[in-house]
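Tertiary structure, described
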Amino acid sequence: MAILGSRSGSQILRTFLPDQTVDLRGAVYRVAEWSAPSPIQVDTDLVRRHLLREVGAWIAHGTDGGVGDDLLRNGPLEVVELDERRGVTVERYPQIWLCGACKRIGKSIDRPCKCGQRKWSQLHFVGIHDCGSITEPWIRRCAQHDDVKVVVPKSAKAADITFICPVCNTLTMQGLGFNRPCACGNGSIRWNVHKARAVYTPRGMVLINPPRPEHREALRLAGGARRALVWVVEGLTAAQPSDVSAKQTKDEFLKKLIADGMDPAFAETIADMAEKGGQLAKPGDHRIDDLSPERREEAEREAVDIAMALAESRTPTTALRSATPGDLLDTRYGSSYPAALARAGIDGLDLVDRFPVLNAMYGYTRGEDDPAKCRLVPFRRKKGGYRLYGNLAETEAFLVRLDPVRVATWLTGRGHQLPDWAAGDADPMAARVAILQAALVPTKRDSPSADTAGTDVLKLVHTYAHRFIRQAAVFSGIERDALSEYLVPGHLGFFVYAAARGDFVLGGMQAVFESNLDDLLNVFVDAEHRCPLDPGCSRGSGACSACVHLGEPSCRFFNRFLDRKVLFGTGGYLRTQVR
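Presented here is a report on the structure given in the accompanying data block. Keep in mind that this is a model prediction, so the values were computed, not measured.

A word on the nonpolar core
Formed by 60 residues in total, the largest nonpolar core has its most connected members in Tyr-464 and Phe-468. If you tally residues by element for this core, the top one is helix H13 (residues 453–476), at 11 residues. Among residues more than four places away in sequence, those in contact with Tyr-464 are Ala-344, Ile-346, Leu-402, Phe-494, Phe-524, Leu-567, Tyr-573 and Leu-574. Judged by nonpolar contacts, the second largest core, of 34 residues, contains Leu-236, Ala-238, Ala-309 and Leu-399.

Written out as structure tokens, the structure is:
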């Protein structure tokens with residue numbers, strides 16, 4: 001087997017997926033498979049839940065290819081990573097051979113062209129349909145001479161391509177075939193250059209995957225999602241969820257007893273006794289019990305994400321100490337850092353030096369980007385079920401959490417009503433719960449123009465994250481495209497992590513955290529916030545590639561829900577004063 005080249009694992013994850021066409025050594029190939037990929041140990045239930053959320057838009061329009069029903073039935077699911085020794089198997093595609101000398105269309109690459117040359121390349125157009133199919137062009141040959149050549153137009157439109165007989169100059173074909181029906185019976189094939197985005201759009205997701213299963217088990221035994229939510233709502237003041245003083249509910253206590261091996265009937269008796277003795281939490285004991293079931297479920301999901309991300313390591317700015325108490329660095333930690341955080345509207349900033357992030361690709365689409373107009377083609381296993389192609393990494397990250405009281409003040413200033421909270425209330429826990437209840441955060445495919453508290457919260461957190469990444473790249477010496485975001489908008493926070501791609505400086509984020517984080521935050525607030533393309537940018541969405549946008553792999557929201565005005569406009573978050 002010939003080796004055609006080499007790529008990094010992160011490059012292959014997005015550009016060498018099954019059925020994707022690629023350029024290698026001047027030729028066009030289609031990926032047949034990843035050769036004997038290695039399984040990744042993941043929490044399958046966690047991946048299943050995230051995947052159901054990701055494909056929700058296709059499920060809603062009936063274009064998910066049955067993925068939703070299979071996931072709900074707990075169909076087989078696996079996540080694999082590239083075996084770099086075996087690599088990826090590819091095949092030449094499309095097999096429409098084009099002579100580089102005379103532009104004839106040949107029948108075989110194994111024989112010389114009729115012009116005597118053997119400079120075969122390929123016609124780089126393919127046919128696609130929204131159902132996910134791909135096909136090669138059929139080129140009509142001259143009936144008399146059994147020959148044909150292409151006349152390449154100056155445009156890149158397939159309809160402008162002309163085929164003639166090189167012997168008699170008879171026109172044999174205009175374009176690549178109009179109204180050619182797709183085999184699915186639901187419409188016609190469309191022709192495009194094989195590298196066009198419409199030909200193959202990979203679909204993937206990013207999730208936090210604990211590197212060791214015992215972390216998730218420890219959280220479950222400590223009280224599960226409820227305990228994680230209490231921990232986050234109380235401001236992460238405890239080191240970990242198990243250190244939170246909140247009592248367990250009866251259901252949590254019962255599950256723990258059974259998990260420890262106790263007979264279920266006897267465990268029920270013990271739980272009843274604990275409940276009667278006042279040892280367990282009652283409904284309404286904590287502010288989170290005021291949340292509606294829908295808001296509670298989403299808040300718990302994000303809280304578990306935060307807990308798993310911080311399970312391996314966490315260093316808040318409040319834990320920073322100089323080796324020499326009282327020196328300039330110690331003074332900086334004690335005064336400059338808190339002042340800069342408050343000025344930037346940040347409630348807390350933590351360094352995570354082992355951030356467990358999983359990038360996983362679950363399928364692709366062809367044609368339109370709208371889930372209502374294209375069918376999701378999931379990656380399947382040969383023996384049934386689904387396969388996700390992933391990359392699991394532990395990297396360094398920041399967790400940034402915005403000031404809940406300041407956010408609540410900003411939201412009410414924009415006309416949003418927050419339950420059980422009023423301007424002047426300085427209780428951060430009350431503000432967090434009020435925002436969780438009032439703000440239904442939209443999905444990445446919802447309209448960013450909706451005037452809701454959830455839309456404003458997402459725009460604030462997302463725009464803040466993008467501006468932060470742009471500044472952090474400069475201070476850390478990390479390539480901007482090597483930094484990515486992971487949003488937890490319901491809890492007014494986001495992770496910025498060094499992605500497992502590109503060239504980044506290992507330890508660059510830690511160096512900023514320990515030496516000049518205050519400088520970074522002050523520049524974040526003071527640096528130029530106008531766009532070079534103003535006033536056009538401001539009159540439009542308030543965000544563009546010149547001011548706020550990031551590269552596609554770094555932003556999971558397609559650079560939507562961004563607006564500089566939420567930070568710096570009249571009444572912007574960084575202009576909001578909290579007394």
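Description of the packing of helix H7 (residues 250–259) against helix H8 (residues 264–276)
Where H7 contacts H8, the axes come no closer than 9 Å and their chain directions differ by 145 degrees. H7 and H8 meet at a crossing whose hand is right-handed. On H8, the residues that touch Lys-250, Phe-253, Leu-254, Leu-257 and Ile-258 of H7 are Pro-264, Ala-267, Glu-268, Ile-270, Ala-271, Asp-272, Ala-274 and Glu-275. The residue makeup of the contact of H7 with H8, split by class, is 9 nonpolar, no polar and 4 charged.

Looking at the sheet that holds strand S12 (residues 162–164)
Across the sheet, which stays open at both edges, the 3 strands sit in the order S11-S12-S13 with antiparallel pairing between neighbours. Both outer strands of the open sheet, strand S11 (149–151) and strand S13 (171–174), are each paired with one neighbouring strand and no more. Taking the axes of each pair of neighbouring strands and ignoring which way they run, one obtains an average angle of 30 degrees across the sheet. As defined by bridge partners, S12 adjoins S13 across 3 bridges and the pair is classed as antiparallel. Paired with Thr-162 across the two strands is Gln-174, which belongs to S13.

Some words on the state of the cysteines
Applying the stated criterion across every chain yields a total of 0 disulfides. A disulfide-free cysteine, Cys-115 has its sulfur positioned 3.7 Å from the sulfur of Cys-113, the nearest such atom. A residue is classified by how much of its surface remains accessible, and Cys-115, at 33% relative accessible area, is partly exposed. Cysteine Cys-537 shares no disulfide, and the gap to the nearest cysteine sulfur, in Cys-544, comes to 3.8 Å.

So, the environment of Leu-533
Mapped onto the fold, Leu-533 is located in the loop between helix H15 (517–526) and helix H16 (536–539). On a C-alpha basis, the gap between Leu-533 and Ala-546 in space is 7.2 Å, while along the polypeptide they are 13 residues apart. Excluding anything up to four places from it in sequence, Leu-533 contacts Cys-544 and Ala-546.

Re the packing of helix H6 (residues 224–233) against helix H9 (residues 293–309)
Taken N-terminus to C-terminus, the directions of H6 and H9 make an angle of 80 degrees; their axes are 8 Å apart at the nearest point. Our classification of the angle between H6 and H9 gives roughly perpendicular. For the pair formed by H6 and H9, the contact residues are Ala-225, Arg-226, Ala-228, Leu-229, Trp-231 and Val-232 on the first element and Arg-296, Ala-299, Glu-300, Ala-303, Val-304, Ile-306 and Ala-307 on the second. Taken together, the residues of the contact of H6 with H9 break down into 10 nonpolar, no polar and 3 charged.

About the cut-offs
Residues numbered from 1 in each chain as written. Predicted model: local features only at pLDDT ≥ 70, side-chain atom pairs only at ≥ 80, totals over all residues. Heavy atoms only, no water. Core = buried A, V, L, I, M, F, W, Y, C linked by side-chain atoms within 4.5 Å. Buried < 20%, exposed > 50% of the residue type's maximum accessible area, 1.4 Å probe, protein only. Helix = DSSP H or I, 4+ residues; strand = E, 2+ residues; numbered from the N terminus. Contact = heavy atoms within 4.5 Å. Axes fitted to C-alpha atoms, helices over the stretch in contact; angles between N-to-C directions. Left-handed = near helix turned anticlockwise from the far one by under 90°. Nonpolar A, V, L, I, M, F, W, Y, C, P; charged D, E, K, R; others polar. Pairing = 2+ DSSP bridges. Disulfide = S-S within 2.5 Å. Parallel < 35°, antiparallel > 145°, perpendicular 65-115°, else oblique.

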